[in-house]
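Spelled out from the first residue to the last, the chains are:
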Amino acid sequence: MEKNKSGIIPTAKDLSSQIAKNFLMGVPAVRRWRLRRPRTSIATEDINQFLATYAFSGLGHLLEHTGDLRGKTVCEIGPGDFLTSGLSILAAGADRYAVIDRFAGDYFGESAKRWYALIEENWASFYPDIPWDSSLDSSKFPEDYRNRLELIGDPIETAVTSQKYDIVCSFQVGEHVSSLDKFAEIHQRILKPEGVGLHRVDFSAHDVWSHYHDPGTFLRFPEFIWNLTGSNRGVPNRYRHHEFLEAFERAHLGVEILAIDYTDPDKVDFNKLNKRFRSMPKESVLAESAIYRLKRRPS
Ligand SMILES: C[S@@+](CC[C@H](N)C(=O)[O-])C[C@H]1O[C@@H](n2cnc3c(N)ncnc32)[C@H](O)[C@@H]1O
């Protein structure tokens, strides 16, 4: 019997609780309540860890892989609850920041404001070499900076921006979108011809499935069962690395794989995977995370 770290928990038990959660998210009142609750509240045990994960991690990837942000326009897909990465991207010198998120967070609320203040307070210790943009005052963010922001509460499938951007990025979002083709195609719509796409995709098991000794447990279920656990929630789409590459190719995007991590193959029982995954290249199934840099190719 499959075990998780805390003892014997049969897969069936986790499967039924995931299906129940999904069912509840289909009830409009529960859904409204859940979406109003921020997913990232500030736990005070380790502010630096929280800032590193929720405020500065996207900026870190951008600085490393797209370079200096001064004067750039940046569009981020799926930043999460607050404009934490947006404020830090502007603070690092970007001219303009756009958000595309199908579940727009409460960007103007009190919890958001606490984050923005913490970002400014702690900026110098994270980025001693990048001066905080002196025209930005976190206590007046975001309301006083509407001319530098574009907030779009739509899914990528339909989102339209008012202008094209130098950088289109996302972090831990590609594994949640329903269509990889739409995810890839959006670059032709909103990225400048010479612009850069930067995306980190987390292919690993999420939620209860990350507690299993075999990290491939969540790939054992047929698609219709998996959909029962997540049709109303943002569970991973289970698309694998090579499927992203194929979608980028179909959308006429040149791709560089800047980083890729793999799950330990000895931990994955391939014979138990659903046949869809058994028929895929093993290396692609085992990819745990990847960072892609994209360029538009003339279509
Ligand atoms: C796992 S969260 C990642 C949040 C943040 N980027 C981070 O790394 O912590 C995924 C985000 O993508 C958004 N999202 C998922 N599917 C989307 C879609 N089709 N279009 C736009 N946003 C989407 C969700 O609403 C959520 O904010």
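In this text, all values refer to a predicted model and were calculated from it rather than measured experimentally.

Draft legend 1. Seen up close, the overall build of the chain. Across its full length, the chain holds 11 helices and 7 strands. Since a compact globule built from 299 residues should have a radius of gyration of about 19 Å, the 20 Å found for the chain is in line with a globular shape. Projecting the C-alpha coordinates of the chain onto the three principal axes gives extents of approximately 60 × 45 × 35 Å. Each of the 299 residues in the chain was classed as buried or not, and the buried ones make up 50%. Considering only contacts in the chain between residues 6 or more positions apart, those separated by 24 or more positions represent 76%. In the structure as shown, the chain presents an accessible area of about 14600 Å², 53% of it carried by carbon and sulfur atoms.

Draft legend 2. A look at the site of the ligand. Residues in contact with the ligand amount to 15 residues; listed here are only the nearest, Gly78, Asp101, Ile156, Phe171 and Gln172. One of the side-chain N or O atoms of Glu157 is found 3.3 Å from a nitrogen atom in the ligand. Between the ligand and Gln172, the relevant distance is 2.7 Å, taken from an oxygen atom to a side-chain nitrogen or oxygen of the residue. Summarising the interface, the protein chains cover 84% of the accessible area of the ligand, which totals 600 Å² for the free molecule. Its residues assigned to classes, the shell around the ligand comprises 7 nonpolar, 4 polar and 4 charged.

Draft legend 3. How the structure looks around the pairing of strand 5 (residues 191-202). Pairing of strand 4 (residues 165-171) with strand 5 involves 6 bridges; the strand directions are parallel. Residue pairing in the sheet places Tyr165 in a bridge with Leu191 of strand 5. After leaving strand 4, the chain enters helix 7 (residues 180-190) and then returns to the sheet as strand 5, a path that is right-handed. Relative to strand 7 (residues 287-296), strand 5 runs antiparallel, the two being bridged by 7 bridges. Paired with Val201 across the bridge in strand 7 is Ala290.

Draft legend 4. Representation of the environment of Phe270. Looking at the element boundaries, Phe270 is found in the loop between strand 6 (253-262) and helix 10 (275-278). Sequence-wise, Phe270 and Asp214 are 56 residues apart; in three dimensions their C-alpha atoms are separated by 10.0 Å. Here Phe270 is in contact with Pro265, Arg278, Lys282, Val285 and Leu286, once residues within four sequence places are set aside.

Definitions and cut-offs
- Residues numbered from 1 in each chain as written.
- Predicted model: local features only at pLDDT ≥ 70, side-chain atom pairs only at ≥ 80, totals over all residues.
- Heavy atoms only, no water.
- Helix = DSSP H or I, 4+ residues; strand = E, 2+ residues; numbered from the N terminus.
- Rg over C-alpha atoms; globule rule 2.2 N^0.38 Å.
- Buried < 20%, exposed > 50% of the residue type's maximum accessible area, 1.4 Å probe, protein only.
- Contact = heavy atoms within 4.5 Å.
- Areas by Shrake-Rupley, 256 points an atom, 1.4 Å probe, with all protein chains shown as cover.
- Near = heavy atom within 4 Å.
- Polar contact = N/O pair within 3.5 Å; in protein donor to acceptor, adjacent residues only side chain to side chain.
- Nonpolar A, V, L, I, M, F, W, Y, C, P; charged D, E, K, R; others polar.
- Pairing = 2+ DSSP bridges.
- Right-handed = clockwise from strand over helix to strand, strands pointing away.

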